Structure formats: structure tokens, C-alpha cells
Amino acid sequence: MKKQNKQTITKLAVFAGATALASLAAQAHAQTSVDALLNKLEQKGVLTVDEANELKAENAADQTNIVNELPASKWKLADSIKNMGLYGDFRLRYEYRGVDNAAGATPNTYARERFRYALRLGLRGDLYDDFSYGIRLETSNNPRSPWDTFGNNTTSGSASPSDKNSSGIYLGQAFLNWHPAAWYEMTVGRMPMPLYTTPMVWDSDINPEGAFEKFKYTIDNVDLFADFGQFDYQNPGSASVSPSGDTFLLAWQAGANVRFGKDMSAKVAPMLYTYSGSGTSGGLNSTFVGQGANGLNVGVPGGNNSYNEQAINNLLILEIPAEFDFKITKTPFGTLQARLFGDFAYNFQGGDRANAAYHANPAAFPGLSGPATGQDIAYQVGFGVGSAGPVYGPTQGLVYGSTSKKNTWEARAYWQHIEQYALDVNLIDSDFFEGRGNLQGVFTAFSYSFTDAIIGTIRYGYANQINSRLGTGGSNLDIPGINPIKNYNLVQMDLTWRF
């Protein structure tokens, strides 16, 4: 009798333990975990086969009751959505921009120092039937910057601390991607930059609008790809000519990524792009001059720039971005990932662009007896090194906040040279160097990931004027009305929370 009571107590204890385990385990795995425990006890002779089966049946019934008692979720997703993920970043920045202007200009120096913040918040995921999607909101309507400034006061007629009028939430991305086969995909909407390019040509904050197609094929250790972009660049705003009157930017790119073993690869992807359509003032029907309001002697912030600094006439550009990636082993920092990278661009119509600029108003070019031809190339060459593991690229890595992992770091530097008639000045990076042509200089950056989500970054850039007889064509809200820029300095210190 005592022996039977002891066995009964043991069985009750076993079942209580199994039930406790079920309550602690995740719902999807609870029943499996308990069944495995009961099988072990059966094998050791603690339970008979009948007793084990009885306990398994009771546990299965208990799990069914738990499921039936759970409240239904209040968050409902459409049946077409396979999954959804929240992502984005919040950044804080100290920034200093300083320029020296032409001799005799008023003022001949200009500096801007700011504390800034930026939020980007998005949803992305997969739909059924080979579709994916993305939606992202940003805190600025500037296409080349998501940043806002602490202390901006825009309330009319009063000093209002923490004024919110300069802050807002804007649609940065909204796109659909269709990938019916491993070798083909297509994206439509307002999308993250899908082309392989660099900030020398395309600011990393610009999200082009339109359509994009990618073809890809792998042969042994070579990944081949061909990209085609049709981006709506400018709408004339008139019902009588829209949409046939829109200006489109058309891009064709073909490239290859070659892997030399597991620790070394090379990538190159030439691209040709040009424009079509009539556009509006500041578009194809205007003439880029690139000078300020008084030729080389202008410098009043916010002053009138009577000569066009933004037009996109005579642009047929070949761009050749490339990189060589390799690992460095046996260093005091462990294994490191390194990159040699660069970009080269040539405007086939650079001479025509220079000629059109000069003849638009010869008085804007004091000291020149004719067009300043030969100002039609741009190039970038640089080196980057960092912790092995993260993905690095022209706009990928810790420096750009696209990846983070505790105690990882990255450093990169490059030299950049952009001549006056080489590129579309509305697309180039508005930080380095102020979205202008006819400037050359150096960019340096270092980033460290304090945690899996927090990154600290410091950047420094310096540039100076290439051709002293020409202005520094381009327009940027950060330092408006200064043309030409003789010398340019930029310091940025960021703290980024990435999620």
C-alpha cells in the first residue's frame, strides 16, 4: 500500500512538473516538450506505457483549452500581407559649415553652426505572389536631406521657443517590388536608390520616383546584372502638357561582381544617363550658367542669383563606379574588411554645356573671351577599412548608418573632383561638397557602434575651387546665395539610434 501511494505521488509530481513546463514553454512548442519528457520517463520505467499515454492525452486537452481561452489579437493584417517589419533611425547631429567667398564680396566669409535631428520611420515586408513593399516617413521635405534644426523659429511676429512650424512628417518612400523569378525584379513608386552609384553623382538621401528593372545572372563566381531606370525628374505643373511634358531621367547600367575566393571580390558597373521631356523654368528649356548674380563677385546669403545654377541642359553622362573588397587578417584588431573604391564620370555634352553657359550672358564670365570648355569630368578615389562582418558599399556601412553591431567600427576617406559642366548639380551630395560643381577636396569619416543599435560618427570635409574663373554652380538650402565658394569646411558629429 505504501509502495502504491509512493508511485501515485511520483506520478502526480511528474504530471505537475510537466504541466508547469507546458505553461512556461512557448505555445507552439509546449505540447512537444511535455511529450518528450513523458517519453523519457517511460523509457526509464518511472511511468508505464498506459500512464504516459494518459498524461499525454490530458496535456493535449489542456493546451487546447489554453488556446481557446486566449483573447483574439486586435491588430489585423490584410490577407495579402505575408509579413511586416518596422525599421528606421533617429539621429542627432552637431554641424558646422564654413565658406570663404571671392575677394571683394560681401560678406567674404560665411559660417553656419547648428544642432540638428532627423527621424526616418518605415514599414517593409513581403506580400504574397512574389511582391514586396516599403513605406517610409521622414522629418524634412528637402529631397537631399531629412534633417531639421533645433531652435528654428518660423512663427510670424513672435519669438516662440521650440517652434514646430519648421518640423513635419513627409513621405520619403512608397514602393512596390515584383520579383517573379530569381533573374528579374521590378520596382515602381518612390524608392530607395536602386542603382549602383556613389554620392559624387547621387546624394544618398534622394529617393527617385518612377520605375526600375533589374536583370541578374550568375556564372560560376561572377554575378552579372543589368539595371534600367525611368525616373520622373520634374513635372511642369500644367494640365495642358502633363504628363507628356514631364522631364524624365533615363539610366542604363550593366555590371559584374567577381568573387576571387571567399575573402576578395571586385565590382564595376558603367552607367549612362540622360534626360527627356520639355521641363519648366530651371529644367531642359533653360540654360545652366553656374555663375552668381555678379559673375565672380557675389556673396550675399539669400541674395538674387540671376544666372541659372540648376538647369539640366546638355547632360549625357557616363559614370563608372567600382570597388575592390578584400580582408586583412592577423591585425591587432582581428580580421578587417577593406575597400578600395572610386567613381569616374564624363559628360559627353560638356563642351556644349560650357558653350551654352557662356553665350547665355558673356558678362557673367569676366576675364574669359570664350567658353570654358574642358570642364566635363568628375572623379572620386578612396579607401575604407572596418570590422569584418557588416556590409560596406558606396552608401552602406556604419558611416552611413545602414548597419550596426556592438564594438564594430569603420573608417573611410576619399578625394573628390567635380568640374563645372560634368554633372547634374541637383543630384550630387549636398554635404560633400555643398551640392556644387567646380570644387575638389577630401572627405573623411569614422564610426563606432557602441551597442547593437547606437552608432557614433564624426565626419570632416574640406574643398576648394578648381577653376578660379568660374563660379561654383549649384544650389543648396544650407548655404544659399554664395557663389563662388573659394574654400569650404564641414564638420559633423552624429549619434544614431538604428532600429
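Quick note: structure is the one above.
The following refers to the structure shown.

Rules and cut-offs
- Residues numbered from 1 in each chain as written.
- Predicted model: local features only at pLDDT ≥ 70, side-chain atom pairs only at ≥ 80, totals over all residues.
- Heavy atoms only, no water.
- Phe/Tyr/Trp six-rings, centres within 6.5 Å; stacked < 30°, edge-to-face > 60°.
- Helix = DSSP H or I, 4+ residues; strand = E, 2+ residues; numbered from the N terminus.
- Buried < 20%, exposed > 50% of the residue type's maximum accessible area, 1.4 Å probe, protein only.
- Salt bridge = Lys/Arg side-chain N within 4 Å of Asp/Glu carboxyl O.
- Pairing = 2+ DSSP bridges.

1. Digging into the packing of aromatic side chains
So, step 1. Going through the model one piece at a time under the given rule, you end up with 24 aromatic pairs.
So, step 2. The interplanar angle of 80° and the centroid separation of 6.4 Å between the aromatic rings of Trp202 and Phe231 together place this pair among those described as edge-to-face. Remark: Phe231 occurs in strand β8 (residues 222–234) and Trp202 occurs in the loop between β6 (184–190) and β7 (209–219); sequence separation between them is 29 residues.
So, step 3. For Trp202, a relative accessible area of 3% corresponds to the buried category.

2. Details of the pattern of salt bridges
So, step 1. In total, this model carries 23 salt bridges according to the counting rule given.
So, step 2. For Arg97, the salt bridge is made with Glu434, and the minimal N-O distance between the two is 2.7 Å. Here Arg97 is found in strand β1 (residues 85–101), whereas its partner Glu434 is found in the loop between β15 (409–418) and β16 (439–449), with 337 residues between them in sequence.
So, step 3. Where Lys214 meets Asp227, a salt bridge forms, and the shortest distance between an N and an O atom there is 2.9 Å. Placement of Lys214 in strand β7 and of Asp227 in strand β8 is noted, with a sequence separation of 13 residues between them. For the pair Lys214 and Asp227, a shared accessibility class is recorded, and that class is buried.

3. Here's the deal with the pairing of strand β3 (residues 131–138)
So, step 1. Here 8 bridges tie strand β2 (residues 109–127) to β3, and the two strands are oriented antiparallel to one another. Considered in β3, the bridge of Arg124 is made with Gly134.
So, step 2. Here β2 folds back onto β3, and the loop between the two strands holds 3 residues, one of which, Asp129, carries a positive phi near 65°.

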